[in-house]
Structure formats: C-alpha cells, structure tokens
Amino acid sequence: AKADGSAQLQVFAPELRAEMEARRRLVADLHDALARNEFELYFQPIVDCRRKTVSGFEALARWAHPQRGMVSPAEFIPVMEEAGIIGALGRFVLREGCRQAARWPSDLSISLNLSPLQFKSPTLLADVRNALSSSGLSPDRLHLEVTESLFLDDAEGVLQTLQSLRQMGLVVSMDDFGTGYSSLGYLSRFPFDKIKIDQSFVRDMARPENIAIVRAVMGLGSAMRMTVVAEGVETVEQMEQLEREGCREMQGYLFSRPRPAGDLPKMLMEIRSR
Ligand code: C2E
Ligand code: CA
Ligand code: CA
Ligand code: CA
C-alpha cells in the first residue's frame, strides 16, 4: 500500500506543485494590488419596479489588473478569504462605498457585500462607525449583505452583531437566499430586514419548482416584514412574472449591468425613461 501511495504522489506531484505555485503567485499579486489601490467599485442599480425608480445601488468589487484588465470578484474574493487578506479589501469597500454614496441623492441606498470573515471581525462595528462618520453617510442608507455561510459556526456572535448593526440604524440583507443551509430556521431567529432571492431561481422561472420557491419566499417576506429583492433579472418575462408574484424590488442585466461610478447619472436617467 505504501509503494502505491508514493507512486501516485509522484504522478500527481508536478501538477499539484504548479497549481500551488500559481496560487502562491496570485496571493502575492493580490497583496501588491491592495498596496497599489488596484481595487475599485462598480455599481448596479436596485430598481423599485412599481414606482419605476432606483432605490439604491449594490457595490461590486473589481480588480483593475494592469495586464489582465478588470478581474471578476469570483476569481479573487475566495482566494483572499482563504489567504486571510480579505479584511483590508473589506475595509476599503466599506470606506469607499460610504464615501461615494454620501455624494448621491439622499433617497438612494448603497448595498455592500460582507464576507463571513469580515462580519466576524472584532473591528467590524468600529469599521462601520468610522466609515459612516468620516463620510457623513446616514446609517439608514447603508445596507449590508451577508450570506447563509455566516451561520456555519457561532450563531450567538452573529446574532449579537446583527442586533448591533440594526441598533445603529443599518439595513441587513440575507444574500443568495435559498442556496445555502437550513435558511428557514435562521430567518425566523435572526433579524434581517431584506431577503435577496438568488438568481438561480429567477433564471428559469418557467420551471414550476422555481415559481413555487419564489412564491414561498414572497410569503415568508410578507409574514416576517422583510423586503424581498429578486436578483439576476435579465428578461421582461422574468420581471413580469416576479411582479405577478408580488415582488417589487429587482436587480439584473435587464435594468443595467454593474458599471463604474462615473456612469451613475446615466444609469439613473436610463431607468427613469424606461
Ligand atoms: P452577489 O453579491 O450575489 O452579486 C451579484 C452578482 O451577480 C454580481 O457578480 C453581478 O454582476 C451579477 N449579476 C447581476 N445581475 C445579473 C444578471 O442579470 N445576470 C447574471 N448572470 N448575473 C448578474 P460579480 O460582480 O461578479 O460578483 C460576484 C460575487 O462576488 C458577488 O455575488 C459577491 O458574493 C462577491 N463580491 C463582489 N463584491 C464583493 C465585495 O466587495 N466584498 C465581498 N465580500 N464579496 C464581493
Ligand atoms: Ca450581494
Ligand atoms: Ca446575491
Ligand atoms: Ca452570489
């Protein structure tokens, strides 16, 4: 058995080593990217379909890589979390997001994504307070999005942080709802203000199972007084179907892709004239 094991190791070792090396280089590049301020925020409107207005924008991180162009967060967020360097990015997003939103019309909110590590950081509340006071942004305009993976451990600590954030006047959203663990139980125990239906349920709304899920989430939202936002709305058919289910807030390529801060006035105008 021992001989077999080492033979296998020899077969896989070069590939594995190359992969580890690529990973090591990516982490080093991400360190440099933080030092050189290569990260920026793109913004995607969240639309109130009934009133045909923009209720706010979600900020989505981008890495402006000097050679590769804009790199998607799907590529660097998980790596930064695993390497333990997500904290610096999280603080940048918080500071920069609040700074930008403070210059918008005051009826617009900003939604920021928090990684579980950032949510559990002992400095989170102080970071939030600092970002609010240095920008002058009113706390009720700051919405924080967290995912169900938050609940993998330490539910008690999570509950306390959620309560502190809401006492400060912030809005807290459960992101990617329906894709994670035992979400129903958590929703009843934890004080969220908003639920975001994951785009996987919106994408194929022709499937009866997905309509049933959307309907169930809408029911849950109204019973628990939580706003429901549908993500990944790409077609008029999806929008109309969601409207029939009573969903009012939507986000997706149908309205706009995430775009740089300079495009904000254009996005507002385009949605108003739809
Ligand atoms: P998310 O929070 O669920 O964000 C929504 C993602 O769906 C975004 O991808 C957005 O560009 C994309 N999207 C929006 N509308 C549509 C649509 O109609 N169709 C399709 N197919 N996609 C749509 P993005 O920007 O690549 O971000 C991916 C994920 O990376 C985010 O998912 C979030 O989990 C994470 N992320 C982004 N920015 C940050 C950040 O600042 N901090 C943390 N911790 N995570 C972030
Ligand atoms: Ca989000
Ligand atoms: Ca989401
Ligand atoms: Ca997602």
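Not measured: the values here are computed from a predicted model. (Residues numbered from 1 in each chain as written. Chains lettered and ligands numbered in written order. Predicted model: local features only at pLDDT ≥ 70, side-chain atom pairs only at ≥ 80, totals over all residues. Heavy atoms only, no water.)

1. Considering the nonpolar core
What tends to happen in soluble globular proteins is that the nonpolar side chains get buried as a cluster. Note the threshold: Take the buried residues of types Ala, Val, Leu, Ile, Met, Phe, Trp, Tyr and Cys, join any two whose side-chain atoms come within 4.5 Å, and each joined set is a nonpolar core. Between buried and exposed lies partly exposed: a residue is buried under 20% and exposed over 50% of the maximum accessible area for its type, with that area taken using a 1.4 Å probe on protein chains only. Whether two residues are in contact is decided by their heavy atoms: any pair within 4.5 Å suffices.
Val128, Leu142 and Phe192 are the most contacted members of the largest nonpolar core, which totals 77 residues. Once residues within four sequence positions are removed from consideration, Val128 is found in contact with Leu94, Leu142, Leu144, Leu165, Met168 and Leu170.

2. Points about the pairing of strand S7 (residues 194-197)
The two faces of a sheet get side chains in turn, since along a regular strand they alternate between them. The line we're drawing: Helix numbering and strand numbering both begin at the N terminus, where a helix is a DSSP run of H or I of at least 4 residues and a strand a DSSP run of E of at least 2. Two strands pair if DSSP finds at least two bridges between them.
Every second residue of S7 is oriented toward a common face, with Lys194 and Lys196 on one face and Ile195 and Ile197 on the other, all of them buried. With four bridges connecting them, S7 and strand S8 (residues 227-230) associate as parallel partners. From the neighbouring strand, Lys194 faces S8, where its bridge partner is Thr227.

3. Let's talk about the coordination of the calcium ion (ligand 2)
How we decide: Listed donors are limited to N, O and S atoms within 2.8 Å of the metal, widened to 3.2 Å for Na, K and Ca; water is not among them, so incomplete-looking sites are possible.
Taken together, the protein donors to the calcium ion (ligand 2) comprise Glu58 (OE), Asn113 (OD1), Glu145 (OE) and Asp175 (OD), at separations of 2.1 to 2.4 Å. Binding-site remark: the calcium ion (ligand 2) is held by donors from one chain whose sequence spacing is E-x54-N-x31-E-x29-D. For the pair the calcium ion (ligand 2) and the calcium ion (ligand 3), the metal-to-metal distance amounts to 3.9 Å, and Asp175 bridges them. Pair noted here: Asn113 is in strand S4 (residues 109-113) and Glu145 is in strand S5 (residues 142-146), with a separation of 32 residues, a long-range link.

4. Comments concerning the site of ligand 1
As a reminder, the rule being used: Being near a molecule or strand, for a residue, means having at least one of its heavy atoms within 4 Å of it. Polar contact is the term for a pair of N or O atoms within 3.5 Å; when the atoms are in protein, one must be able to donate a hydrogen and the other to accept it, and sequence-neighboring residues count only if both atoms are side-chain atoms. Computed with the Shrake-Rupley method and a 1.4 Å probe, the accessible areas treat only the protein chains shown as cover for residues. Both cavities and pockets are sets of points on a 1 Å grid over the protein atoms alone; in a cavity a 1.4 Å probe fits but cannot get out, in a pocket the set is open with protein on both sides within 12 Å along at least five of seven lines, and lining residues sit with an atom within 4 Å of a point. The way we define it, a molecule is inside a pocket or cavity when more than half of its atoms are within 2 Å of that pocket's grid points. In this classification, Asp, Glu, Lys and Arg are treated as charged, Ala, Val, Leu, Ile, Met, Phe, Trp, Tyr, Cys and Pro as nonpolar, and every other residue, Gly included, as polar.
In the vicinity of ligand 1 lie 22 residues, with Gln44, Arg62, Asn113, Glu234 and Tyr253 positioned nearest. Residue Gln44 places a side-chain N or O atom 3.0 Å away from a nitrogen atom belonging to ligand 1. Computed on the free molecule, ligand 1 has an accessible area of 810 Å², of which 82% lies beneath the protein chains in the complex. Because more than half of its atoms lie within 2 Å of the grid, ligand 1 is assigned to the largest pocket. For the shell around ligand 1, the secondary-structure elements that each account for two or more residues are strand S2 (53-65), helix H2 (73-83) and strand S6 (171-177). The greatest single-element share of the shell around ligand 1, amounting to four residues, is contributed by S2. Split into classes, the residues belonging to the shell around ligand 1 amount to nine nonpolar, seven polar and six charged.

5. Considerations on the pattern of salt bridges
The condition that has to hold: By salt bridge we mean one thing: a side-chain nitrogen of Lys or Arg within 4 Å of a carboxyl oxygen of Asp or Glu.
Within the structure shown, the criterion is met by 18 salt bridges. Across the pair Arg248 and Asp48 runs a salt bridge, and its minimum N-O distance is 3.2 Å. Taken together, the residues span a long stretch of sequence, with Arg248 in the loop between helix H10 (236-244) and strand S9 (249-250) and Asp48 in strand S1 (residues 39-48) at a distance of 200 residues. A relative accessible area of 4% means that Asp48 is categorised as buried. Where Arg99 meets Glu96, a salt bridge forms, and the shortest distance between an N and an O atom there is 3.0 Å. Residue Arg99 and its partner Glu96 are located together in helix H3 (residues 86-101), separated by three residues, close to a single helical turn. Taking relative accessible area as the criterion, Arg99 reaches 41% and is therefore assigned partly exposed. Salt bridges here are not isolated pairs; linked through shared partners, they connect Glu58, Glu145, Lys196 and Glu231.

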